[in-house]
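# Overview (structure and organization)
Chain by chain, the residues run as shown.
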Amino acid sequence: MSSGSRLAEPDTPLDPAVPAAGTEASCGHPDGVHATARIRATYNGRVTTLPQLRSDGPFHLRRMRTGGRAATVGIIGAMSAPLGGDRLALDITAEDRAELEVTTAAATLALRGPTTAPATYDVRLTAGEHACLRWLPQPLISAAGSNLRQTCTVNLAATSRLLLREEQILGRADEEPGHLVSRIRVHHAGRLLLDQHTAYGDPAPGWDGPSVLDGHRAVGQLLVVKPDLDVSRAPVLLREGIKDGCAVLAPLAGGPALLATAVAPASSALRELLDEALGHALATAGR
Amino acid sequence: MSPAALLLLADGRFPAGGHAHSGGVEAAVAHKAVHDINSLEAFCRGRLHTTGLTTAGLAAAAAAGCDPLMLDDAADARTPVPALRAVARKLGRQMMRAARATFPSAELDRLAAERPRGAHQPIVQGIAARAAGLTPEDAACAAAYEAVGGPATAAVRLLSLDPLAASWLLARLSTEADAVAANAAGAAARVKTEGLDALPSASSPLLDITAEQHAAWTVRLFAS
Amino acid sequence: MHLDHPVTMPHRHTYSAEPLRADGSLRAFRVGLGGPVGSGKTASVAALCRTLRDRLSLAVVTNDIYTREDAEFLLREAVLPPERITAVETGACPHTAIRDDISANLEAVEHFDQTLDPLDLVLVESGGDNLTATFSKGLVDVQIFVIDVSSGDDIPRKGGPGITNADLLVVNKTDLAPHVGADLATMAADAERQRGALPVVFTSLTSDDGIREIADWITGHLTRWRAKAAA
C-alpha cells in the first residue's frame, strides 16, 4: 500500500445506522489511501461512449472490447485494497440511454493492514432515463482482522434498467471473517426502493446465529430493476433446506424490481444460486 | 410516561395477534437450526440486532411523531420479501384494532383510515405508544422486546422447552434489548435533521429467505 | 392508565361484536362451534352448510391446530365455494385465538362481511382443544359446544365452561351409545344439572337430518338477533 506509517486511531462506530455521538465523520485514516474512481457513460445516438474514465488509487479502469451499443469497463486492482484506514469510492453513471456494464477482474480482498481502523468503500451507481446499468463485480472477501464499511447507493430514473450483483465471502479458506458492515440503498424514480444494512463478523452481535447466517460464509444479492418487469408473480424459492445454501427471489414493494437474497457455505454455491435466480428473474421479465 | 401503559403495550397478552406468530422460529426449528435453549438464544440475539433494531427504529420514529405514511414506505423498503410485508401489515391491522380500543386517539383513527389494509405493525405500535403518553424509547423498547419475546414463547411451544429456561434467556438478552431500543430511539431523534435514512435498516438474509419458505408450507402451526 | 389529553379523547369504540357496521348496515350473525377433538365439530359445520346454504348466505372460519386441515376438509367436501371458507392460524393455541386474542378471527369474519354481500351467517369453528375452550363474546353472538357419547358419558357431569355456559350443548354420535355403554339418560340429567334451562340436543349427524334441530336453533337465534338489532 502507499503508506508505511499508519497510526492507530480510536474505533469508529461499527454500525453506520447508529453512529455514536460525535464520531460520525471520523472514518478513514490520515495515512490510508483516499481514492475516487469515476466512470461516466453517455449515448451519442449510435453507441455508448465513455467521456469520463478516471482511474484512481487501487482502481485501474480499462475499457473492454465489446460489440453492439453497450460499453463495458473492467476494474483491475492496481494495489491491495481496501486496507484499514482506506477511503475508497467508485462513482458510476450511465446517462440517458447509455448502456454500461462494469465488472472487476478479481475478487476484492479486505485486509487488516497496519491499522485496525475501518476502511470505507462507497459505490455510487446512477442510471438516467432509458439507461441500462449492470454492476457485476467479483466477490468481496472479508479477511481475518479486516474492518470494512461498505455502502452502495443507487439512483435510478423511472425508465432505467439495473442489474446488480453483490457477493460477500466471510473469511478466506478456514479463517474467521473480519468485520464487514454494508448498507445498500436504492432509489427508483425518486422513491426509496430498498434499504438494507448488514453486519457480519465479530464484534457484530448475533451475526452467525440461526436467524442470520447459521454458519454460512457466503452471502449475496442480485437486484433486477426493469420498467416492464412483472412483479405480480409469487416468490421463487431455491433449495428446500438451509444447510447447503438457499435463496429467494421476490418482488420489492416500491417499484418494478426483483431481489434475490442468497446464503451458501462457500462462494461457488452462492454464485450458482444467484445465477439460477437471474435465470428466473429474466424469465419473469419476458426479456 | 406511565410505566403501566408500557407494560400493557408490551404484554404478550395484549390482544394484537402476536401469539400466532413465531418470528421465524418455526422455520428455524424445522431446519433444526434451533433445537435447544442455546440455539434459541442465538436465534433471538440475531433477530434482536436485525429485525428487532429496524422495527424498534420505526416504532420510535412513529412515537416521536414522524409522518406514519412516510414511515410505512420506509418500512416497505426495509422489508424485501412479500411474506414479511404481508405479516407486518396483517399484524398492523390487528394491533390497530387493539390499540384503538385501548388507547383511543385521533392519530390512530387517521392512520386506520389512510391504510385500511394495515400499516406496518411497528408504526401502529409507535402511534399507540404515543397515544398512551409513552416516549419514543418506550415504543422502541416494546418493539425490541417483542422481537425476542415472540420467538422465545413460540419455541417453548414447538420444542417443549423449559419455560423457566426461556425466561432466563429473555432476562439475559434484556441488556442488549435495552441497548437496541436506545440506539433505535437515538436514530429516531435524528430523523428531524437527517431524514428517514437515519433510521436503522438492519436485516438478516435467513429471516427473509425462511419467511418465504414458511409461507409456502401447507402445514404449519404459526402464521409466520 | 393515565392519559394526558382527556379533552381531545375521541369516542371510545369497541372493535369487535357490535351488530351494526360503520355504514349502519347489519353485519352477519356469528356462531361459534367448539368442543373436544373428534366430537364432530367439522362434520357439524359441513352438515349445517349443506342444510342452510340454499336458504342463507354462509361463510366458515376454521381455527385449526395445523393451518388448514379442517378448511381443506370442507373444501374437499365442497360444502361451500372456496371464497366462503378460510382458516386462521393459531400458533399451537387454538383456545387463545377464539377467547383471549380474537383479532385474527375478527379479521377473518370482517373480511367475509366486506367481500360477501349479502352475508347472513358466519360459522366459526374452534380447533379441537379441550373442555375449557370457549368463545369470546367479542367474537361470536352465540356458541355451540359439541361433545360425543364415545368420549365417556361422564363428560356432562364433569362440566367446564363449554359444557356449562354454551348457548347450545350438542351430544353427538348417539347411535354409538349402545356400543360404548353410554347412558344417555344420565348424560341428559347431568347436562341439565350443569346447565339449568340452557338447551341440549342429542343427535347423530350420520342419520338422515341429524342436523335439523341444530340448524333450526341457529335460524331461530338469527331471526331474534336481527329483530333486536333493528329495534
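I will try to describe carefully the structure that is included in this document. (Residues numbered from 1 in each chain as written. Chains lettered and ligands numbered in written order. Predicted model: local features only at pLDDT ≥ 70, side-chain atom pairs only at ≥ 80, totals over all residues. Heavy atoms only, no water.)

## Quick look at the overall build of chain A
Helix and strand counts for chain A come out as one helix and 18 strands. Taking all 287 residues of chain A together, the buried fraction comes to 57%. For chain A, the share of sequence-separated contacts (at least 6 apart) that also reach a separation of at least 24 residues comes to 70%. For chain A, the computed accessible surface area is about 11100 Å², with 50% contributed by carbon and sulfur atoms. (Helix = DSSP H or I, 4+ residues; strand = E, 2+ residues; numbered from the N terminus. Buried < 20%, exposed > 50% of the residue type's maximum accessible area, 1.4 Å probe, protein only. Contact = heavy atoms within 4.5 Å. Areas by Shrake-Rupley, 256 points an atom, 1.4 Å probe, with all protein chains shown as cover.)

## Details of the nonpolar core
Leu-100, Leu-125, Trp-135, Leu-164 and Leu-223 of chain A together with Leu-40 of chain B are the most contacted members of the largest nonpolar core, which has 131 residues in total. A total of 13 residues in this core trace back to one element, the largest contributor, which is helix α3 (residues 37-63) of chain B. For Leu-125 of chain A, the residues in contact, after removing those within four places along its chain, are Ile-92, Leu-133, Trp-135, Cys-152, Thr-153, Val-154, Asn-155 and Leu-164 of chain A. Val-31, Leu-33, Val-170 and Leu-222 of chain C belong to the second-largest nonpolar core, a separate cluster that totals 34 residues. (Core = buried A, V, L, I, M, F, W, Y, C linked by side-chain atoms within 4.5 Å.)

## Brief notes about the interface of chain A and chain B
Of the residues lining the interface, 43 residues belong to chain A; the matching set on chain B comes to 42 residues. Our count for the chain A to chain B interface comes out at three salt bridges. The partner of Arg-185 of chain A in a salt bridge is Asp-197 of chain B, with the nearest N and O atoms 2.7 Å apart. Here chain A is connected to chain B by 16 residue pairs in polar contact (both at pLDDT 80 or more). Looking at the side of chain A that touches chain B, the elements with two or more residues in it are β13 (179-188), β14 (191-200), β17 (246-251) and β18 (257-264) of chain A. (Salt bridge = Lys/Arg side-chain N within 4 Å of Asp/Glu carboxyl O. Polar contact = N/O pair within 3.5 Å; in protein donor to acceptor, adjacent residues only side chain to side chain.)

## Considering helix α5 (residues 82-102) of chain B
Over its 21 residues, α5 of chain B extends 30 Å from the first C-alpha to the last, a length consistent with the 30 Å expected when each residue adds 1.5 Å. The buried fraction of α5 of chain B amounts to 16 of the 21 residues, a majority that puts the element mostly inside the structure. (Expected span 1.5 Å × (residues − 1).)

## Structural notes on the sheet that holds strand β5 (residues 87-94) of chain A
Residue and element names in this part refer to chain A. Sheet architecture is open: seven strands sit in the order β2-β1-β5-β8-β11-β13-β14, paired in mixed fashion. With one partner strand each, in any of the chains shown, β2 (48-54) and β14 form the two edges of the open sheet. Strand-to-strand twist in this sheet, taken as the mean axis angle between neighbours without regard to direction, amounts to 10°. In the sheet, strand β1 (residues 34-43) pairs with β5 via eight bridges, with the strands oriented parallel. Looking at β5, one finds that Ala-41 is bridged to Ala-94. (Pairing = 2+ DSSP bridges. Axes fitted to C-alpha atoms, helices over the stretch in contact; angles between N-to-C directions.)

## Details of the pattern of salt bridges
The final tally for this structure, using the stated rule, is 40 salt bridges over all chains. Across the pair Arg-239 of chain A and Glu-276 of chain A runs a salt bridge, and its minimum N-O distance is 3.0 Å. Pair noted here: Arg-239 of chain A is in the loop between β16 (236-238) and β17 and Glu-276 of chain A is in helix α1 (residues 267-285), with a separation of 37 residues, a long-range link. The class of Arg-239 of chain A is partly exposed, set by a relative accessible area of 33%. Through salt bridges with shared partners, a single network forms among Glu-41, Arg-45, Arg-172 and Glu-176 of chain B.

## Let's talk about the sheet that holds strand β6 (residues 168-172) of chain C
All names here are of chain C. Reading across the sheet, the seven strands line up as β3-β2-β4-β1-β5-β6-β7 and stay open at both edges, with parallel pairing between neighbours. Both outer strands of the open sheet, β3 (85-89) and β7 (200-202), are each paired with one neighbouring strand and no more. Neighbouring strand axes in the sheet, compared pairwise and without regard to direction, differ in orientation by 20° on average. Relative to β3, strand β2 (residues 58-64) runs parallel, the two being bridged by five bridges. Within the sheet, the bridge partner assigned to Thr-62 lies in β3 and is Ala-87. Docked against the sheet, helix α4 (residues 103-115) engages β1 (29-34), β2, β3 and β4 (121-125), running at close to 160° with respect to β2.

## Considering the pairing of strand β15 (residues 218-225) of chain A
Residue and element names in this part refer to chain A. Summarising burial for β15: eight of the eight residues are buried, a large majority. Alternating residues of β15 divide into Ala-218, Gly-220, Leu-222 and Val-224 and Val-219, Gln-221, Leu-223 and Val-225, and every residue in both groups is buried. Relative to β15, strand β12 (residues 161-170) is paired through eight bridges, and the arrangement is antiparallel. Counterpart to Glu-167 in the pairing with β15 is Gly-220. Bridging between β15 and β18 involves eight bridges; their strand directions are antiparallel. Bridging across to β18, Gln-221 finds its partner in Thr-261.

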